[in-house]
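Next come the chains, spelled out residue by residue.
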Amino acid sequence: MRVRDSLCVYELPYGEMFKTQHSTRECWEVAQFGLILLSEVGSTMHGVSNDDTGDDIDLMGICIEPPAEALGLGDFEQYEYRDRKVNERSREGDTDLVAYGLRKWVKLAATGNPTVIMPLFSDVGLHVKWANGFGLLLREEFPQFLSQQAGHRFLGYLDGQLQRYLDPDRVDSKHATRPELVEKYGWDTKMGYHALRLAIQGKQLMDSHHIDLPMREDDREFLLDVRHGKYAREWVIGETHRRIDLLKTAIAESRLPEVADRAIISRWMADVQRAWWEECGL
């Protein structure tokens, strides 16, 4: 990893196979120029991945939009890239990347979105692929803006995961049941792992205002056992409900504020944007 306070030298991937409104060359240019942080996310970052799990590489970046986008009529929200076509499942080793504009990322992170806050806690030596001084500042200062809303967001994501693997007939393009796991174990064990992971990490965030990444060894081994089908589906569902109750208690007892102070966050974000634009000569 390189750490510096000048323009990004990490080249984001670009290709024509995956096509969405966020995968255009114009979106790539905004993300490439303004990139301040890029980290692995997903199973490899959590530490719940090994040679048997066949995971792809999920990357999340954060970029600062130029003034024309942030202050003008620009509509940039994020840049997306995948090695596969839309609705085609990623394969082992494939790259799946999203780089959020700072405005969209802050809106999501301020309410504790469980997905987007992970780069705040990912291991610098292992999983942070790029960070300049602004990216490091983001990691250092933004956790102070988290609130109990994050715990409730974890609960919301948990409910979604439970509904997906409690209802084996539900299939959609984004969270399609993994037929190879159903054939091998009788159910989608990765959905079970995700639900338990959310419960564990949500409670840790409420208790300590931090998430260990990679996860603690005992949690990592437990979740790998879930992924490898060593627990029955019914037991995993029951254990998930038990941990949901622990998370609810942790939210109620958390010292975090109930909600984030949007005015303070807005001022902080404006200061960061202004400093970045000055450094870039914009």
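Above this text sits the structure in question.
This write-up is about the structure you can find in this document. (Residues numbered from 1 in each chain as written. Predicted model: local features only at pLDDT ≥ 70, side-chain atom pairs only at ≥ 80, totals over all residues. Heavy atoms only, no water.)

## Structural notes on the overall build of the chain
Moving on, step 1. A count of helices and strands for the chain gives 11 helices and five strands.
Moving on, step 2. Over its C-alpha trace the chain gives a radius of gyration of 19 Å, about what one expects of a compact globule, namely 19 Å for 282 residues.
Moving on, step 3. Its C-alpha atoms put the chain at 60 × 45 × 35 Å along the principal axes.
Moving on, step 4. Residue burial in the chain is summarised as follows: out of 282 residues, 50% are buried.
Moving on, step 5. Restricting the contact set of the chain to residue pairs at least 6 apart, pairs at least 24 apart contribute 76%. (Helix = DSSP H or I, 4+ residues; strand = E, 2+ residues; numbered from the N terminus. Rg over C-alpha atoms; globule rule 2.2 N^0.38 Å. Buried < 20%, exposed > 50% of the residue type's maximum accessible area, 1.4 Å probe, protein only. Contact = heavy atoms within 4.5 Å.)

## Brief notes about the nonpolar core
Moving on, step 1. By size, the foremost hydrophobic cluster in this structure holds 52 residues, and its most contacted members are Trp105, Ile117, Leu138, Phe142 and Leu205.
Moving on, step 2. Considering each element in turn, this core owes the most residues, six residues, to helix H11 (residues 262-279).
Moving on, step 3. Residues in contact with Leu138, not counting those within four places in the same chain, are Leu37, Ile62, Leu102, Trp105, Leu120, Pro143 and Trp268.
Moving on, step 4. Membership of the second largest hydrophobic core comes to 15 residues, among which are Cys27, Leu35, Tyr81 and Ala99. (Core = buried A, V, L, I, M, F, W, Y, C linked by side-chain atoms within 4.5 Å.)

## A closer look at the pattern of salt bridges
Moving on, step 1. The tally for this structure, following the rule as stated, stands at 15 salt bridges.
Moving on, step 2. Residue Arg233 is joined to Glu234 by a salt bridge in which the shortest nitrogen-to-oxygen separation is 3.7 Å.
Moving on, step 3. Here the salt bridges share partners, and the residues they tie into one network are Arg84, Glu88, Arg91 and Asp94. (Salt bridge = Lys/Arg side-chain N within 4 Å of Asp/Glu carboxyl O.)

## Section: the packing of helix H8 (residues 189-208) against helix H9 (residues 217-227)
Packed helix pairs are specified by the crossing angle of their axes together with the interaxial distance, meaning the distance between the axes.
Moving on, step 1. The contact between H8 and H9 brings their axes to 8 Å, and the two run at 155 degrees. Relative to H9, the element H8 lies roughly antiparallel. The two elements H8 and H9 cross, and the hand of that crossing is right-handed. Facing Thr189, Lys190, Gly192, Tyr193, Leu196, Arg197 and Ile200 of H8, the residues of H9 in contact are Asp219, Phe222, Leu223, Val226 and Arg227.
Moving on, step 2. For the contact of H8 with H9, the class distribution of residues is six nonpolar, two polar and four charged. (Axes fitted to C-alpha atoms, helices over the stretch in contact; angles between N-to-C directions. Parallel < 35°, antiparallel > 145°, perpendicular 65-115°, else oblique. Left-handed = near helix turned anticlockwise from the far one by under 90°. Nonpolar A, V, L, I, M, F, W, Y, C, P; charged D, E, K, R; others polar.)

## Quick look at the sheet that holds strand E2 (residues 57-63)
Moving on, step 1. Strand order in the open sheet formed by five strands is E3-E4-E2-E1-E5, with mixed pairing between adjacent strands. The two strands at the open ends of the sheet, each matched to only one other strand, are strand E3 (78-82) and strand E5 (128-131). Direction aside, the axes of adjacent strands within the sheet are offset by 10 degrees on average.
Moving on, step 2. In terms of strand pairing, E2 meets strand E4 (residues 95-101) through seven bridges, oriented parallel. Looking at E4, one finds that Leu59 is bridged to Leu97.
Moving on, step 3. Helix H5 (residues 133-141) contacts strand E1 (35-41), E2 and E5 of the sheet and is inclined by roughly 60 degrees relative to E1. (Pairing = 2+ DSSP bridges.)

## Re the pairing of E4
Moving on, step 1. With six of seven residues buried, E4 is to be regarded as a mostly interior element.
Moving on, step 2. Pairing between E3 and E4: five bridges, direction antiparallel. Bridging across to E4, Arg82 finds its partner in Asp96.

## Some details on the packing of aromatic side chains
Both the distance between ring centres and the angle between the ring planes are used here to describe each pair of aromatic rings.
Moving on, step 1. With the rule as written, the count across this model stands at nine aromatic pairs.
Moving on, step 2. Here Phe134 and Trp276 contribute two aromatic rings whose centre-to-centre distance is 5.2 Å and whose plane-to-plane angle is 85 degrees, an arrangement assigned as edge-to-face. Of this pair, Phe134 sits in helix H5 while Trp276 sits in helix H11, and the two are 142 residues apart along the sequence.
Moving on, step 3. Relative accessible area serves as the criterion here: at 10%, Phe134 is assigned to the buried category.
Moving on, step 4. We classify Trp276 as buried; its relative accessible area is 1%.
Moving on, step 5. Summarising the aromatic geometry, the rings of Phe222 and Tyr231 are spaced 5.5 Å apart at their centres and angled 70 degrees between planes, so their arrangement reads as edge-to-face.
Moving on, step 6. Linked through ring pairs, Trp105, Phe142, Phe145 and Trp268 together constitute an aromatic cluster.
Moving on, step 7. Positioned over the ring face of Tyr14 is Arg25, at 4.8 Å from the centre of the ring.
Moving on, step 8. One Lys or Arg, Arg25, reaches over the ring of Trp28 and ends 4.2 Å from the middle of that ring. (Phe/Tyr/Trp six-rings, centres within 6.5 Å; stacked < 30°, edge-to-face > 60°. Lys NZ or Arg CZ within 6 Å of the ring centre and 35° of its normal.)

## Describing helix H4 (residues 102-110)
Moving on, step 1. Of all the positions in H4, only Leu102, Trp105, Val106, Ala109 and Ala110 are classed as buried. Down the axis of H4, the buried side of the element spans an arc of 120 degrees, and every buried residue falls inside it.
Moving on, step 2. Following H4 by one or two positions, Gly112 adopts a phi angle in the positive range, close to 80 degrees. (Arc of directions from axis to C-beta.)

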